[in-house]
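Residue-level structure breakdown
Below are the chains, spelled out letter by letter.
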Amino acid sequence: MSKVLKDGTVLMFDDTTKSIRVLPKASVLIENGRITAISENPDFQIPENAEVLNVYGKIISPGFINTHIHTWQTVYRTIGPNVFLSQYFEWLGHMSGATAAFTPDDVYISSLAGYLEGLHGGVTSYVEHAHNNWKETVVEPGFDAAMDSGARVWWCYDVADRKGFAMKEQWEALGKLGGKVTEGSLVQMGLSVDGLSGLFGNDPGGHLGYVPDMIRKLNIQAITMHHLGGPWPARKTAPSDIDLSTFQTTNIPIIYSHAPFLTDSDQTALREKDHFVSITPESEFHFGHGQTTGHLITDQASLGLDTNWTFSGDMLSQTRLWLQNVRLTKSHRTLEAGRLPRTNPFPVEEAFLMATRQGGRALRRDDIGVIKVGAKADLVVFNGDSPNMLGWSDPIAAVVLHANPGDVEHVLVDGEFRKRNFKLVDRVIAWEKMRERFLEASRRIQKQIKEPPPMPERLWGVGEFGDVEMASTKCYGCGPRGTQ
Ligand SMILES: [Zn+2]
Ligand SMILES: [Zn+2]
């Protein structure tokens, strides 16, 4: 059935100026999952059978695109508020002992909860870095959660050589899932290549040889990987020295997650190949990945989230954090030169585009992350009447600087409601049931893995640790453990 969002303030994308054009009062017609008309004409002819939703005084935004997440970890919520990256790898990562605490059903419910958290806050598309690859039985539940979520997901499975679940078996497992994907599915197959990256430049077993074949067979729509660089142990994942041409991926989008230490040649390579980095601001601040170069690559960057179990799971927070970090970083440059900032270096609209259209560009999809005729009807309606939004006159500022997930009144993916009147729409599992199962899993798993293991001498036997100066309300110039 067609739908009309009537008389809202529409954040339309203008393909000519590559900017948002605000339509103060316009109607959006949705047919077969796409936007088929946007009209400011008050006498706009509404199709007879259309469902009409009056959104006068509300803001119609494109859905947000989160280009990096690991939803299977959602059950960890608050277990490691002060965790740092190397400790996370040892304690809670996909290679850690914590994975033994997960049943296949836990992976399903934890992943599903992660997607629902995003949908609730207006995230309509995800690039899932699915490293639930430690045994065969946990692969499919993660995928099924994506299918059942109602979100648009590029489900990028991380094929790796794991003990008891060898690479060949991993490809087979993935092949089975591929059969569930059809051309119109909201979930598309992708590939994460962290596991394979160990073989880049050194592949005596010839494992990479059959990757191009698998990419074709599985109809892979996106490739992603973590990339750190700088002082982090090298993994041959730098945009400048990676040679993915062996994968014959020229038309497949490639997304590097984090990339906090891009060299000049990395930046050039990203632009030349039209590859993207997914900056995950809160993650890079929280865990200490660092983020020293993200502000230099805005044109080839989208925003992601990473680990919703240990900080905000909505893209509004990520957008705001990134906006202000870029402003701070760029203003510092002028201040450090002894001058006063003459302008504001990063307009809110640019930050908004990073969380919306740039995700679409990263995925080489010009029909998501934007509102225009022909685009997918992945839409968010902000109520705008809460104490924190009331009085808005600039709708982009209202969304980027003042909104939170509680302001999201409706969310549509592919023209269908996923959240309606502030409430998630129940799909495969009703929220109450879902909540019960999630709580049971979360409590059990957190109890089992509460204690972090001791840290190794070096990260992966290589990375050297250094002391970190503490910040404290109780002492001045504290040592690494908060002692004077
Ligand atoms: Zn990650
Ligand atoms: Zn990470």
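Just so it is clear, the structure is predicted and the values come from calculations on it, not from any experiment.

The next thing to look at is the overall build of the protein chain. Along the protein chain, the regular secondary structure elements total 13 helices and 17 strands. Over its C-alpha atoms the protein chain spans a radius of gyration of 22 Å, differing by no more than 12% from the 23 Å that the globule rule assigns to 484 residues. Projected onto its principal axes, the C-alpha positions of the protein chain cover 70 × 60 × 45 Å. Taking all 484 residues of the protein chain together, the buried fraction comes to 57%. Long-range contacts, defined here as pairs at least 24 residues apart, represent 73% of the contacts in the protein chain between residues at least 6 apart. Roughly 20,900 Å² of accessible area belongs to the protein chain as shown, and the carbon and sulfur atoms make up 51% of that amount. A distance of 2 Å separates the average location of the 48 positive side-chain charges in the protein chain from that of its 57 negative side-chain charges.

Moving on to the domain arrangement of the protein chain. Segmentation of the protein chain into domains returns domain 1 (3-62 + 369-424), domain 2 (64-362) and domain 3 (454-484). Just the C-alpha atoms count here: the centres of domain 2 and domain 3 sit 27 Å apart. Every contact between the two is made by 8 residues of domain 2 and, on the other side, 6 residues of domain 3. Between domain 2 and domain 3 lies a buried interface of about 660 Å² when both sides are counted; carbon and sulfur atoms form 84% of it. Of all residues in domain 2, Ser-86, Glu-90 and Pro-233 give up the largest surface area on contact with domain 3, accounting jointly for 61% of the area buried on that side. For the interface between domain 2 and domain 3, the tally reads 0 salt bridges. The interface formed by domain 2 and domain 3 includes 0 residue pairs in polar contact (both at pLDDT 80 or more).

Another point: helix 4 (residues 167-178). The α-helix advances 3.6 residues per turn, and as a result positions three or four apart in sequence lie on the same side. Taking 1.5 Å per residue as the helical rise, helix 4 with its 12 residues ought to reach 16 Å, and the 16 Å between its terminal C-alpha atoms agrees with that figure. Buried within helix 4 we find Met-167, Gln-170, Trp-171, Ala-173, Leu-174 and Leu-177. Projected down its long axis, helix 4 carries its buried residues within an arc of 160°, all on one side. Turned more than 90 degrees from where helix 4 packs its buried face, Lys-168 and Lys-176 sit exposed. Buried-residue contacts for helix 4 involve helix 3 (139-149), strand 8 (152-158), strand 9 (187-192), helix 5 (194-197) and helix 6 (211-217).

Bringing the pattern of salt bridges into the picture now. Tallied over the entire structure, the rule returns 24 salt bridges. Glu-416 is paired through a salt bridge with Lys-3; the nearest N and O atoms lie 3.6 Å apart. Placement of Glu-416 in strand 16 (residues 416-420) and of Lys-3 in strand 1 (residues 3-14) is noted, with a sequence separation of 413 residues between them. Judged by relative accessible area, which is 7%, Lys-3 ranks as buried. Two residues, Glu-409 and Lys-58, come together in a salt bridge whose shortest N-O distance is 3.0 Å. One end of the pair, Glu-409, is in strand 15 (residues 408-413); the other, Lys-58, is in the loop between strand 4 (51-54) and strand 5 (59-62), with 351 residues separating them in the sequence. Its relative accessible area of 17% is what places Lys-58 among the buried residues. Through salt bridges with shared partners, a single ionic network connects Arg-152, Lys-376, Asp-378 and Asp-414.

With that out of the way, let us pick up the coordination of the zinc ion (ligand 1). Binding of the zinc ion (ligand 1) to the protein goes through His-68 (NE2), His-70 (NE2), His-226 (NE2) and Asp-306 (OD), at separations of 2.0 to 2.2 Å. In the primary structure, the donors to the zinc ion (ligand 1) are separated according to the pattern H-x1-H-x155-H-x79-D.

On to the sheet that holds strand 6 (residues 64-69), then. Spatially, 8 strands are ordered 6-7-8-9-10-11-12-13 in an open sheet, and the strand pairing comes out parallel. Of all the strands in the sheet, the pair left with one neighbour each is strand 6 and strand 13 (301-303). Strand-to-strand, the axes of this sheet are offset by a mean angle of 25°, without reference to chain direction. Of the strand pairs in this sheet, strand 8 and strand 9 are connected by 6 bridges, and their pairing is parallel.

On to a nonpolar patch on the surface, then. On the surface, Phe-84, Met-455 and Phe-465 cluster together to form a nonpolar patch covering roughly 250 Å² of accessible area. Along the chain, Phe-84 turns up in the loop between strand 6 and helix 1 (85-91). Judged by its relative accessible area of 37%, Phe-84 falls in the partly exposed class.

Before going further, it helps to examine the environment of Ser-61. Residue position: Ser-61 is located in strand 5. The spatial distance from the C-alpha of Ser-61 to the C-alpha of Gly-178 is 32 Å, given a sequence separation of 117 residues. Beyond its immediate sequence surroundings of up to four residues, Ser-61 is in contact with Leu-11, Phe-352, Ile-371, Asp-378, Leu-379, Val-380 and Phe-382.

Calculation criteria
- Residues numbered from 1 in each chain as written.
- Chains lettered and ligands numbered in written order.
- Predicted model: local features only at pLDDT ≥ 70, side-chain atom pairs only at ≥ 80, totals over all residues.
- Heavy atoms only, no water.
- Helix = DSSP H or I, 4+ residues; strand = E, 2+ residues; numbered from the N terminus.
- Rg over C-alpha atoms; globule rule 2.2 N^0.38 Å.
- Buried < 20%, exposed > 50% of the residue type's maximum accessible area, 1.4 Å probe, protein only.
- Contact = heavy atoms within 4.5 Å.
- Areas by Shrake-Rupley, 256 points an atom, 1.4 Å probe, with all protein chains shown as cover.
- Lys, Arg positive; Asp, Glu negative; His and termini not counted.
- Charge placed at Lys NZ, Arg CZ, Asp CG, Glu CD.
- Domains from an automatic or database assignment.
- Buried area = accessible area lost by both parts, 1.4 Å probe.
- Salt bridge = Lys/Arg side-chain N within 4 Å of Asp/Glu carboxyl O.
- Polar contact = N/O pair within 3.5 Å; in protein donor to acceptor, adjacent residues only side chain to side chain.
- Expected span 1.5 Å × (residues − 1).
- Arc of directions from axis to C-beta.
- Donors = N, O, S within 2.8 Å, 3.2 Å for Na, K, Ca; no water.
- Pairing = 2+ DSSP bridges.
- Axes fitted to C-alpha atoms, helices over the stretch in contact; angles between N-to-C directions.
- Patch = residues over 30% accessible without salt bridge, like charges linked within 9 Å, V, L, I, M, F, W, Y side chains within 5 Å.

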